[in-house]
Amino acid sequence: MSVMMYTIYTIQHTGQRGGIALLATLLFSFSAPAAAVHGDDLLRCETTGMAADWSDSERLDELIDGLRNLYRHGLHPDLYSLRELVTIREHLSLWGSLSDCENQLAETTFHRALLDLKFGRIDPQARGITWQSPLMPPPRHQEALSGLLAEAGNSPKQAFELARPENPDYPALLQVYRQALQDYPSWWPLIEAGPTLKEGSEDPRVPHLKQRLRAQGYLDDPPQDDGNPEAYDAAVANAVRSFQRDFNLYPDGRAGRSTLEALNRPPGELIDTLRANLERLRWPFNAPLHRGLVIDIAGAEATLYDEGKAVWSGRVQVGKPGRETPEVRSLITHVTRNPAWNIPTSIFMENKLPRIRRDPDYLEDHNLRVLDHSGNELAPDQVDWASPAGVRLQQQPGPANPLGSVVIRFSNPYAVYLHDTPAGNLFQSTERFYSHGCVRVEGAETLAGLLFSLHDWRTETVATGSYSSGEPRNVHLPRSVPVLMTYRTAYIDKNHRLQFRRDGYQRDHRLITLLDTPEPGR
(Lines give C-alpha, C1' and ligand atoms only; values in the text may rest on other atoms or scores of the structure.)
Protein backbone atom coordinates (compact mmCIF):
# COMPACT_ATOMS: atom_id res chain seq x y z
CA MET A 1 0.00 0.00 0.00
CA SER A 2 1.46 3.35 -0.94
CA VAL A 3 1.46 6.31 1.41
CA MET A 4 -0.97 8.14 -0.85
CA MET A 5 -3.41 5.20 -0.85
CA TYR A 6 -3.34 5.04 2.92
CA THR A 7 -3.85 8.80 3.27
CA ILE A 8 -6.95 8.66 1.08
CA TYR A 9 -8.30 5.74 3.09
CA THR A 10 -7.87 7.37 6.48
CA ILE A 11 -9.34 10.70 5.45
CA GLN A 12 -12.37 9.02 3.95
CA HIS A 13 -13.04 7.01 7.07
CA THR A 14 -12.46 9.68 9.70
CA GLY A 15 -13.09 13.03 8.12
CA GLN A 16 -9.84 14.28 9.69
CA ARG A 17 -7.35 16.13 7.49
CA GLY A 18 -5.06 17.33 10.24
CA GLY A 19 -4.27 14.69 12.80
CA ILE A 20 -5.24 11.44 11.13
CA ALA A 21 -3.32 12.20 7.95
CA LEU A 22 -0.30 12.14 10.22
CA LEU A 23 -0.92 8.45 10.75
CA ALA A 24 -0.54 7.87 7.03
CA THR A 25 2.37 10.16 6.32
CA LEU A 26 4.49 9.64 9.43
CA LEU A 27 3.46 6.38 11.09
CA PHE A 28 3.12 4.23 8.03
CA SER A 29 5.45 6.07 5.71
CA PHE A 30 6.67 3.04 3.90
CA SER A 31 5.34 0.97 1.03
CA ALA A 32 4.47 -2.17 2.93
CA PRO A 33 5.27 -5.15 0.70
CA ALA A 34 2.25 -6.96 2.03
CA ALA A 35 1.31 -8.34 -1.35
CA ALA A 36 4.74 -9.92 -1.61
CA VAL A 37 4.05 -11.70 1.64
CA HIS A 38 0.36 -12.53 1.30
CA GLY A 39 -0.34 -12.18 -2.41
CA ASP A 40 0.65 -15.74 -3.26
CA ASP A 41 -0.99 -17.29 -0.20
CA LEU A 42 -3.87 -18.67 -2.23
CA LEU A 43 -1.50 -20.20 -4.77
CA ARG A 44 0.52 -21.88 -2.01
CA CYS A 45 -2.53 -22.93 -0.03
CA GLU A 46 -2.67 -26.49 1.24
CA THR A 47 -6.05 -26.47 2.93
CA THR A 48 -7.12 -28.98 5.53
CA GLY A 49 -10.77 -28.36 4.76
CA MET A 50 -11.35 -27.49 8.41
CA ALA A 51 -11.66 -23.69 8.06
CA ALA A 52 -15.00 -22.03 8.73
CA ASP A 53 -17.19 -20.99 5.83
CA TRP A 54 -16.82 -17.26 5.12
CA SER A 55 -19.28 -17.13 2.23
CA ASP A 56 -21.69 -15.12 4.42
CA SER A 57 -21.08 -11.67 2.96
CA GLU A 58 -22.08 -9.90 6.21
CA ARG A 59 -19.49 -11.85 8.24
CA LEU A 60 -16.81 -11.21 5.66
CA ASP A 61 -17.65 -7.50 5.62
CA GLU A 62 -17.34 -7.40 9.42
CA LEU A 63 -13.93 -9.06 9.20
CA ILE A 64 -12.73 -6.56 6.59
CA ASP A 65 -14.06 -3.63 8.63
CA GLY A 66 -12.33 -4.99 11.74
CA LEU A 67 -9.03 -5.22 9.87
CA ARG A 68 -9.40 -1.72 8.50
CA ASN A 69 -9.83 -0.41 12.03
CA LEU A 70 -6.64 -1.99 13.34
CA TYR A 71 -4.89 1.35 12.81
CA ARG A 72 -6.97 2.63 15.76
CA HIS A 73 -4.88 0.30 17.92
CA GLY A 74 -1.59 1.31 16.29
CA LEU A 75 -1.40 -1.77 14.04
CA HIS A 76 -0.95 -1.63 10.26
CA PRO A 77 -4.08 -3.01 8.53
CA ASP A 78 -2.25 -3.92 5.35
CA LEU A 79 -0.12 -6.48 7.22
CA TYR A 80 -3.26 -8.60 7.67
CA SER A 81 -4.05 -9.67 4.08
CA LEU A 82 -6.53 -6.81 3.81
CA ARG A 83 -6.19 -6.34 0.07
CA GLU A 84 -6.48 -10.05 -0.58
CA LEU A 85 -9.64 -10.25 1.49
CA VAL A 86 -11.17 -7.26 -0.31
CA THR A 87 -10.51 -9.11 -3.59
CA ILE A 88 -12.08 -12.25 -2.13
CA ARG A 89 -15.15 -10.21 -1.17
CA GLU A 90 -15.44 -9.06 -4.77
CA HIS A 91 -15.19 -12.66 -5.94
CA LEU A 92 -17.92 -13.63 -3.49
CA SER A 93 -20.24 -11.03 -5.02
CA LEU A 94 -19.57 -12.50 -8.45
CA TRP A 95 -19.62 -16.24 -7.74
CA GLY A 96 -21.60 -16.58 -4.52
CA SER A 97 -19.13 -18.93 -2.82
CA LEU A 98 -15.50 -19.18 -1.71
CA SER A 99 -12.89 -21.84 -2.23
CA ASP A 100 -11.40 -23.76 0.68
CA CYS A 101 -8.20 -21.75 0.35
CA GLU A 102 -10.08 -18.46 0.47
CA ASN A 103 -11.97 -19.60 3.56
CA GLN A 104 -8.71 -20.65 5.18
CA LEU A 105 -7.05 -17.29 4.49
CA ALA A 106 -10.02 -15.44 6.02
CA GLU A 107 -10.06 -17.72 9.08
CA THR A 108 -6.31 -17.57 9.66
CA THR A 109 -6.21 -13.79 9.28
CA PHE A 110 -9.18 -13.38 11.62
CA HIS A 111 -7.57 -15.45 14.38
CA ARG A 112 -4.19 -13.79 13.96
CA ALA A 113 -5.68 -10.30 14.23
CA LEU A 114 -7.62 -11.23 17.37
CA LEU A 115 -4.53 -12.70 19.02
CA ASP A 116 -2.43 -9.67 18.08
CA LEU A 117 -5.01 -7.32 19.59
CA LYS A 118 -5.20 -9.29 22.81
CA PHE A 119 -1.59 -10.41 23.31
CA GLY A 120 0.49 -8.19 21.03
CA ARG A 121 1.79 -8.59 17.51
CA ILE A 122 5.35 -9.13 18.73
CA ASP A 123 6.42 -12.04 20.95
CA PRO A 124 8.88 -10.12 23.17
CA GLN A 125 10.59 -13.17 24.65
CA ALA A 126 11.14 -14.81 21.26
CA ARG A 127 12.64 -11.52 20.06
CA GLY A 128 14.95 -11.24 23.06
CA ILE A 129 13.19 -8.10 24.30
CA THR A 130 12.04 -9.58 27.61
CA TRP A 131 12.81 -12.56 29.82
CA GLN A 132 10.30 -14.32 32.05
CA SER A 133 11.10 -16.92 34.68
CA PRO A 134 9.94 -20.43 33.67
CA LEU A 135 8.47 -20.68 37.17
CA MET A 136 5.82 -18.11 36.21
CA PRO A 137 2.77 -19.33 34.28
CA PRO A 138 2.90 -18.67 30.51
CA PRO A 139 -0.08 -17.07 28.73
CA ARG A 140 -2.64 -19.46 27.27
CA HIS A 141 -3.22 -17.90 23.89
CA GLN A 142 -5.27 -20.61 22.21
CA GLU A 143 -7.45 -21.12 25.25
CA ALA A 144 -8.17 -17.38 25.38
CA LEU A 145 -8.93 -17.32 21.64
CA SER A 146 -11.40 -20.20 21.97
CA GLY A 147 -13.19 -18.45 24.81
CA LEU A 148 -13.32 -15.17 22.91
CA LEU A 149 -14.77 -16.81 19.79
CA ALA A 150 -17.35 -18.69 21.84
CA GLU A 151 -18.49 -15.46 23.51
CA ALA A 152 -18.63 -13.58 20.20
CA GLY A 153 -20.75 -16.25 18.55
CA ASN A 154 -20.88 -15.80 14.81
CA SER A 155 -20.02 -12.09 14.83
CA PRO A 156 -16.51 -10.95 13.84
CA LYS A 157 -17.51 -7.43 14.87
CA GLN A 158 -18.22 -8.63 18.40
CA ALA A 159 -15.00 -10.64 18.45
CA PHE A 160 -12.96 -7.56 17.56
CA GLU A 161 -14.68 -5.66 20.36
CA LEU A 162 -13.84 -8.42 22.85
CA ALA A 163 -10.21 -8.77 21.73
CA ARG A 164 -8.67 -6.43 24.27
CA PRO A 165 -5.68 -7.01 26.55
CA GLU A 166 -6.50 -7.53 30.21
CA ASN A 167 -4.10 -4.81 31.31
CA PRO A 168 -6.27 -2.10 32.97
CA ASP A 169 -3.89 0.63 31.75
CA TYR A 170 -4.65 -0.12 28.10
CA PRO A 171 -8.03 1.66 27.63
CA ALA A 172 -6.79 5.01 28.94
CA LEU A 173 -3.67 5.03 26.76
CA LEU A 174 -5.71 3.86 23.78
CA GLN A 175 -8.11 6.76 24.24
CA VAL A 176 -5.23 9.24 24.37
CA TYR A 177 -3.67 7.67 21.27
CA ARG A 178 -6.89 8.04 19.29
CA GLN A 179 -7.30 11.61 20.47
CA ALA A 180 -3.73 12.37 19.40
CA LEU A 181 -4.47 11.03 15.91
CA GLN A 182 -7.23 13.61 15.65
CA ASP A 183 -5.59 16.54 17.44
CA TYR A 184 -1.90 16.47 16.62
CA PRO A 185 -1.00 18.51 13.55
CA SER A 186 1.10 17.00 10.81
CA TRP A 187 3.98 19.19 12.02
CA TRP A 188 4.82 21.87 14.53
CA PRO A 189 7.56 24.49 14.37
CA LEU A 190 11.06 23.71 15.49
CA ILE A 191 12.43 26.06 18.13
CA GLU A 192 15.99 27.04 17.37
CA ALA A 193 18.76 26.49 19.90
CA GLY A 194 19.99 29.47 21.81
CA PRO A 195 20.13 31.02 25.26
CA THR A 196 17.72 29.67 27.87
CA LEU A 197 14.30 31.29 27.58
CA LYS A 198 12.83 32.38 30.89
CA GLU A 199 10.05 34.55 32.30
CA GLY A 200 10.60 38.23 31.64
CA SER A 201 12.76 37.72 28.57
CA GLU A 202 11.97 38.65 24.97
CA ASP A 203 13.16 36.51 22.09
CA PRO A 204 12.15 36.00 18.43
CA ARG A 205 11.86 32.24 19.17
CA VAL A 206 8.97 32.77 21.61
CA PRO A 207 6.20 32.85 18.93
CA HIS A 208 7.26 29.38 17.77
CA LEU A 209 7.43 28.22 21.38
CA LYS A 210 3.88 29.44 21.97
CA GLN A 211 2.65 27.72 18.82
CA ARG A 212 4.30 24.48 19.90
CA LEU A 213 2.76 24.62 23.39
CA ARG A 214 -0.71 25.29 21.95
CA ALA A 215 -0.42 22.25 19.68
CA GLN A 216 -0.54 19.94 22.71
CA GLY A 217 -2.94 22.04 24.74
CA TYR A 218 -0.44 23.49 27.21
CA LEU A 219 -1.23 27.10 26.25
CA ASP A 220 -4.56 28.70 25.39
CA ASP A 221 -5.12 30.44 22.09
CA PRO A 222 -4.01 34.09 22.24
CA PRO A 223 -6.43 37.00 22.46
CA GLN A 224 -6.80 39.18 19.39
CA ASP A 225 -4.42 41.67 20.96
CA ASP A 226 -1.51 39.48 22.02
CA GLY A 227 0.55 42.44 23.17
CA ASN A 228 4.17 41.54 22.56
CA PRO A 229 4.25 38.08 20.84
CA GLU A 230 7.97 37.73 21.67
CA ALA A 231 7.42 38.14 25.42
CA TYR A 232 8.09 35.12 27.64
CA ASP A 233 5.43 35.95 30.22
CA ALA A 234 4.02 34.11 33.24
CA ALA A 235 1.48 32.19 31.14
CA VAL A 236 4.25 30.82 28.91
CA ALA A 237 6.41 29.93 31.92
CA ASN A 238 3.50 28.03 33.52
CA ALA A 239 2.81 26.19 30.25
CA VAL A 240 6.47 25.20 29.98
CA ARG A 241 6.40 24.03 33.59
CA SER A 242 3.42 21.77 32.88
CA PHE A 243 5.16 20.41 29.80
CA GLN A 244 8.29 19.68 31.82
CA ARG A 245 6.34 17.74 34.43
CA ASP A 246 4.77 15.57 31.74
CA PHE A 247 8.14 14.88 30.11
CA ASN A 248 10.06 14.15 33.32
CA LEU A 249 12.12 17.34 33.15
CA TYR A 250 12.99 19.64 36.04
CA PRO A 251 9.92 21.96 36.24
CA ASP A 252 11.62 25.33 36.48
CA GLY A 253 9.52 26.99 33.76
CA ARG A 254 12.63 27.74 31.69
CA ALA A 255 13.16 26.51 28.15
CA GLY A 256 16.78 25.36 28.12
CA ARG A 257 18.53 22.73 26.03
CA SER A 258 16.78 19.63 27.43
CA THR A 259 13.35 21.25 27.32
CA LEU A 260 13.85 22.48 23.76
CA GLU A 261 14.97 18.99 22.69
CA ALA A 262 11.75 17.53 24.12
CA LEU A 263 9.63 20.27 22.54
CA ASN A 264 11.25 19.64 19.17
CA ARG A 265 10.31 15.97 19.03
CA PRO A 266 8.10 15.78 15.93
CA PRO A 267 4.42 14.76 16.20
CA GLY A 268 5.02 11.51 14.36
CA GLU A 269 7.64 10.48 16.89
CA LEU A 270 5.26 11.05 19.79
CA ILE A 271 2.57 9.07 17.97
CA ASP A 272 5.04 6.22 17.47
CA THR A 273 5.88 6.37 21.17
CA LEU A 274 2.20 5.85 21.97
CA ARG A 275 2.00 2.97 19.50
CA ALA A 276 5.02 1.27 21.02
CA ASN A 277 3.59 1.50 24.50
CA LEU A 278 0.17 0.21 23.43
CA GLU A 279 1.97 -2.84 22.09
CA ARG A 280 3.82 -3.28 25.39
CA LEU A 281 0.54 -3.14 27.30
CA ARG A 282 -0.81 -5.93 25.11
CA TRP A 283 2.01 -8.26 26.19
CA PRO A 284 1.07 -10.63 29.03
CA PHE A 285 4.62 -10.02 30.25
CA ASN A 286 3.48 -6.58 31.45
CA ALA A 287 0.36 -7.76 33.26
CA PRO A 288 0.04 -5.80 36.54
CA LEU A 289 1.18 -7.39 39.77
CA HIS A 290 -1.47 -7.74 42.45
CA ARG A 291 1.34 -8.28 44.92
CA GLY A 292 4.95 -7.65 44.02
CA LEU A 293 7.59 -5.12 43.02
CA VAL A 294 7.51 -3.13 39.77
CA ILE A 295 10.62 -1.40 38.44
CA ASP A 296 9.86 1.33 35.89
CA ILE A 297 13.18 1.35 34.01
CA ALA A 298 12.67 4.42 31.82
CA GLY A 299 11.18 6.39 34.71
CA ALA A 300 13.80 5.09 37.20
CA GLU A 301 11.19 4.41 39.88
CA ALA A 302 10.09 1.40 41.92
CA THR A 303 6.71 0.58 43.46
CA LEU A 304 5.77 -2.25 45.80
CA TYR A 305 2.18 -3.47 45.63
CA ASP A 306 0.15 -5.44 48.14
CA GLU A 307 -3.45 -6.42 47.41
CA GLY A 308 -3.30 -4.19 44.33
CA LYS A 309 -2.36 -1.07 46.30
CA ALA A 310 0.99 0.73 46.37
CA VAL A 311 2.55 0.31 49.83
CA TRP A 312 6.00 1.71 49.03
CA SER A 313 7.66 3.66 46.24
CA GLY A 314 11.14 4.98 45.72
CA ARG A 315 13.65 6.25 43.23
CA VAL A 316 16.12 3.92 41.56
CA GLN A 317 19.18 4.17 39.35
CA VAL A 318 19.22 1.95 36.27
CA GLY A 319 21.74 0.95 33.62
CA LYS A 320 23.42 3.55 31.46
CA PRO A 321 23.08 3.22 27.65
CA GLY A 322 25.34 0.37 26.59
CA ARG A 323 24.82 -1.28 30.00
CA GLU A 324 21.03 -1.40 29.84
CA THR A 325 18.86 -2.81 32.59
CA PRO A 326 16.96 -5.76 31.06
CA GLU A 327 13.20 -6.27 31.06
CA VAL A 328 12.61 -9.18 33.44
CA ARG A 329 9.64 -10.86 35.12
CA SER A 330 10.83 -13.14 37.90
CA LEU A 331 10.53 -14.06 41.58
CA ILE A 332 12.49 -12.49 44.43
CA THR A 333 13.73 -15.37 46.57
CA HIS A 334 16.23 -13.96 49.06
CA VAL A 335 18.29 -11.00 50.21
CA THR A 336 21.97 -10.80 51.04
CA ARG A 337 23.03 -8.81 54.09
CA ASN A 338 26.51 -7.23 54.08
CA PRO A 339 27.16 -8.36 50.49
CA ALA A 340 30.56 -8.79 48.95
CA TRP A 341 30.79 -7.56 45.38
CA ASN A 342 32.14 -9.94 42.76
CA ILE A 343 33.32 -7.41 40.23
CA PRO A 344 32.19 -8.23 36.66
CA THR A 345 34.95 -8.90 34.16
CA SER A 346 34.01 -5.88 32.05
CA ILE A 347 34.33 -3.51 35.03
CA PHE A 348 37.54 -5.21 36.13
CA MET A 349 39.18 -4.76 32.72
CA GLU A 350 37.82 -1.30 31.87
CA ASN A 351 37.77 0.39 35.25
CA LYS A 352 39.77 -1.40 37.94
CA LEU A 353 42.78 -2.75 36.06
CA PRO A 354 44.11 0.63 34.85
CA ARG A 355 43.92 1.94 38.43
CA ILE A 356 45.69 -1.10 39.86
CA ARG A 357 48.50 -0.62 37.36
CA ARG A 358 48.89 3.03 38.35
CA ASP A 359 48.63 2.58 42.12
CA PRO A 360 50.18 -0.44 43.90
CA ASP A 361 48.07 0.31 47.00
CA TYR A 362 44.75 0.51 45.16
CA LEU A 363 43.65 -3.02 46.10
CA GLU A 364 44.28 -2.53 49.83
CA ASP A 365 42.85 0.99 49.91
CA HIS A 366 39.56 -0.21 48.35
CA ASN A 367 39.20 -3.43 50.34
CA LEU A 368 39.64 -5.64 47.26
CA ARG A 369 40.63 -9.32 47.31
CA VAL A 370 42.20 -11.13 44.37
CA LEU A 371 40.73 -14.58 43.72
CA ASP A 372 41.23 -17.31 41.17
CA HIS A 373 38.20 -18.74 39.40
CA SER A 374 37.88 -21.42 42.08
CA GLY A 375 37.53 -18.77 44.78
CA ASN A 376 41.02 -19.18 46.27
CA GLU A 377 42.65 -15.96 47.41
CA LEU A 378 45.84 -14.91 45.63
CA ALA A 379 48.56 -12.56 46.77
CA PRO A 380 48.54 -9.45 44.55
CA ASP A 381 52.27 -9.74 43.89
CA GLN A 382 51.68 -13.20 42.39
CA VAL A 383 49.62 -11.72 39.55
CA ASP A 384 51.03 -10.38 36.30
CA TRP A 385 48.98 -7.18 36.17
CA ALA A 386 50.31 -6.40 32.70
CA SER A 387 48.38 -9.42 31.41
CA PRO A 388 46.21 -10.89 34.18
CA ALA A 389 44.59 -14.22 33.42
CA GLY A 390 42.44 -16.52 35.51
CA VAL A 391 41.80 -13.95 38.24
CA ARG A 392 38.85 -11.94 39.47
CA LEU A 393 38.28 -9.23 42.07
CA GLN A 394 35.98 -9.21 45.07
CA GLN A 395 35.25 -6.12 47.13
CA GLN A 396 34.56 -6.90 50.77
CA PRO A 397 31.53 -5.57 52.69
CA GLY A 398 31.84 -2.06 54.01
CA PRO A 399 30.67 1.51 53.58
CA ALA A 400 32.51 1.91 50.26
CA ASN A 401 31.08 -1.29 48.74
CA PRO A 402 28.94 -0.31 45.71
CA LEU A 403 26.27 -2.81 46.79
CA GLY A 404 25.76 -1.04 50.10
CA SER A 405 24.29 -3.04 52.98
CA VAL A 406 21.75 -5.25 51.18
CA VAL A 407 21.13 -7.01 47.86
CA ILE A 408 17.71 -8.25 46.71
CA ARG A 409 18.05 -11.30 44.47
CA PHE A 410 15.92 -13.05 41.83
CA SER A 411 16.67 -15.52 39.05
CA ASN A 412 17.57 -14.15 35.61
CA PRO A 413 20.16 -14.87 32.92
CA TYR A 414 21.72 -11.40 33.11
CA ALA A 415 23.16 -11.59 36.66
CA VAL A 416 21.29 -8.39 37.62
CA TYR A 417 19.78 -7.66 41.02
CA LEU A 418 18.54 -4.81 43.18
CA HIS A 419 20.86 -3.31 45.77
CA ASP A 420 21.66 -0.51 48.16
CA THR A 421 24.27 2.08 47.10
CA PRO A 422 26.56 4.65 48.69
CA ALA A 423 26.01 6.89 45.64
CA GLY A 424 22.90 8.46 47.13
CA ASN A 425 23.49 11.88 45.59
CA LEU A 426 22.65 10.53 42.13
CA PHE A 427 19.04 9.96 43.15
CA GLN A 428 18.51 13.72 42.92
CA SER A 429 18.68 13.62 39.11
CA THR A 430 15.44 13.43 37.14
CA GLU A 431 16.92 10.86 34.74
CA ARG A 432 18.91 8.22 36.60
CA PHE A 433 20.77 6.10 34.03
CA TYR A 434 24.00 5.49 35.95
CA SER A 435 24.51 1.80 36.79
CA HIS A 436 26.09 -1.08 34.88
CA GLY A 437 22.72 -2.83 34.53
CA CYS A 438 21.73 -3.63 38.10
CA VAL A 439 19.16 -1.48 39.90
CA ARG A 440 20.30 0.76 42.74
CA VAL A 441 17.46 1.38 45.16
CA GLU A 442 16.96 4.41 47.39
CA GLY A 443 15.73 3.03 50.71
CA ALA A 444 16.82 -0.53 49.94
CA GLU A 445 16.84 -1.42 53.65
CA THR A 446 13.19 -0.43 53.99
CA LEU A 447 12.23 -2.29 50.84
CA ALA A 448 14.00 -5.45 52.02
CA GLY A 449 12.05 -5.40 55.27
CA LEU A 450 8.75 -4.86 53.44
CA LEU A 451 9.37 -7.85 51.18
CA PHE A 452 9.33 -10.04 54.27
CA SER A 453 6.34 -8.32 55.87
CA LEU A 454 4.18 -8.82 52.76
CA HIS A 455 3.44 -12.30 54.08
CA ASP A 456 2.90 -11.30 57.73
CA TRP A 457 6.32 -12.63 58.64
CA ARG A 458 9.09 -10.41 59.94
CA THR A 459 12.77 -10.82 60.49
CA GLU A 460 14.16 -7.95 62.51
CA THR A 461 17.67 -8.71 61.36
CA VAL A 462 16.72 -7.96 57.78
CA ALA A 463 14.52 -4.96 58.53
CA THR A 464 16.95 -3.27 60.92
CA GLY A 465 20.29 -4.47 59.57
CA SER A 466 21.46 -6.09 62.81
CA TYR A 467 24.16 -8.30 61.32
CA SER A 468 26.85 -6.55 63.30
CA SER A 469 29.54 -9.08 62.37
CA GLY A 470 29.80 -7.55 58.92
CA GLU A 471 29.93 -10.98 57.28
CA PRO A 472 27.80 -11.67 54.19
CA ARG A 473 24.69 -13.71 54.85
CA ASN A 474 21.77 -14.83 52.68
CA VAL A 475 18.26 -14.69 54.15
CA HIS A 476 15.47 -16.39 52.20
CA LEU A 477 11.97 -15.00 52.00
CA PRO A 478 9.30 -17.32 53.43
CA ARG A 479 7.55 -17.01 50.06
CA SER A 480 8.89 -15.59 46.82
CA VAL A 481 7.70 -12.15 45.72
CA PRO A 482 7.11 -11.39 42.01
CA VAL A 483 9.21 -8.66 40.43
CA LEU A 484 8.51 -6.95 37.10
CA MET A 485 11.20 -4.81 35.49
CA THR A 486 9.36 -3.06 32.68
CA TYR A 487 10.22 -0.41 30.11
CA ARG A 488 7.60 2.21 29.30
CA THR A 489 8.07 5.56 27.63
CA ALA A 490 4.43 6.73 27.70
CA TYR A 491 1.65 6.05 30.19
CA ILE A 492 -1.32 7.65 31.94
CA ASP A 493 -0.56 8.60 35.53
CA LYS A 494 -2.87 8.49 38.57
CA ASN A 495 -3.97 12.06 37.79
CA HIS A 496 -5.07 10.93 34.31
CA ARG A 497 -2.29 12.88 32.59
CA LEU A 498 -0.25 11.55 29.71
CA GLN A 499 3.37 11.10 30.76
CA PHE A 500 6.34 10.69 28.41
CA ARG A 501 9.72 9.34 29.41
CA ARG A 502 12.92 9.63 27.40
CA ASP A 503 13.72 6.50 25.42
CA GLY A 504 17.25 6.28 26.77
CA TYR A 505 17.81 2.79 25.35
CA GLN A 506 16.29 3.54 21.91
CA ARG A 507 13.94 0.58 22.29
CA ASP A 508 10.89 2.31 20.82
CA HIS A 509 12.41 2.55 17.36
CA ARG A 510 13.18 -1.16 17.23
CA LEU A 511 9.69 -2.03 18.43
CA ILE A 512 8.01 0.21 15.84
CA THR A 513 10.16 -1.34 13.12
CA LEU A 514 9.02 -4.81 14.19
CA LEU A 515 5.39 -3.71 14.33
CA ASP A 516 5.52 -2.33 10.78
CA THR A 517 7.53 -5.12 9.15
CA PRO A 518 5.72 -7.95 7.33
CA GLU A 519 6.61 -11.41 8.55
CA PRO A 520 6.62 -14.05 5.79
CA GLY A 521 4.54 -17.08 6.64
CA ARG A 522 2.84 -15.39 9.56
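Keep in mind the model is a prediction, meaning the values are calculated, not measured.

Engineer: What exactly am I supposed to notice about the overall build of the protein chain here?
Structural biologist: Check the secondary structure of the protein chain and you find 19 helices and 16 strands. Considering the protein chain as a whole, with its 522 residues, one finds that 50% of them fall into the buried category. Partitioning the intrachain contacts of the protein chain with sequence separation of at least 6 by distance along the chain shows that 70% fall at a separation of at least 24. For the protein chain, the exposed area adds up to about 25100 Å²; of that, 49% sits on carbon and sulfur atoms.

Engineer: Before we go on, may I ask you to explain the pairing of strand β14 (residues 473–486) in this structure?
Structural biologist: Successive residues of a regular strand alternate their side chains across the two faces of the sheet. Across four bridges, strand β2 (residues 292–296) lies against β14 in parallel orientation. Along β14, the bridge assignment pairs aspartate 296 with threonine 486. Pairing geometry for strand β5 (residues 327–337) and β14, over nine bridges, is antiparallel. Within the sheet, the bridge partner assigned to serine 330 lies in β14 and is valine 483.

Engineer: So what exactly am I meant to see when it comes to the packing of aromatic side chains here?
Structural biologist: Both the distance between ring centres and the angle between the ring planes are used here to describe each pair of aromatic rings. Counting across every chain of the model gives eight aromatic pairs. Relative to tryptophan 188, the ring of tyrosine 184 lies with its centre 5.7 Å away and its plane at 55 degrees, an arrangement referred to as tilted. Both residues of the pair, tyrosine 184 and tryptophan 188, count as buried. A connected cluster of aromatic rings, assembled from ring pairs, spans Tyr218, Phe243, Phe247 and Phe500. Lying over the aromatic face of phenylalanine 433, arginine 502 brings its terminal NZ or CZ to 5.5 Å of the ring centre.

Criteria and cut-off values
- Residues numbered from 1 in each chain as written.
- Predicted model: local features only at pLDDT ≥ 70, side-chain atom pairs only at ≥ 80, totals over all residues.
- Heavy atoms only, no water.
- Helix = DSSP H or I, 4+ residues; strand = E, 2+ residues; numbered from the N terminus.
- Buried < 20%, exposed > 50% of the residue type's maximum accessible area, 1.4 Å probe, protein only.
- Contact = heavy atoms within 4.5 Å.
- Areas by Shrake-Rupley, 256 points an atom, 1.4 Å probe, with all protein chains shown as cover.
- Pairing = 2+ DSSP bridges.
- Phe/Tyr/Trp six-rings, centres within 6.5 Å; stacked < 30°, edge-to-face > 60°.
- Lys NZ or Arg CZ within 6 Å of the ring centre and 35° of its normal.

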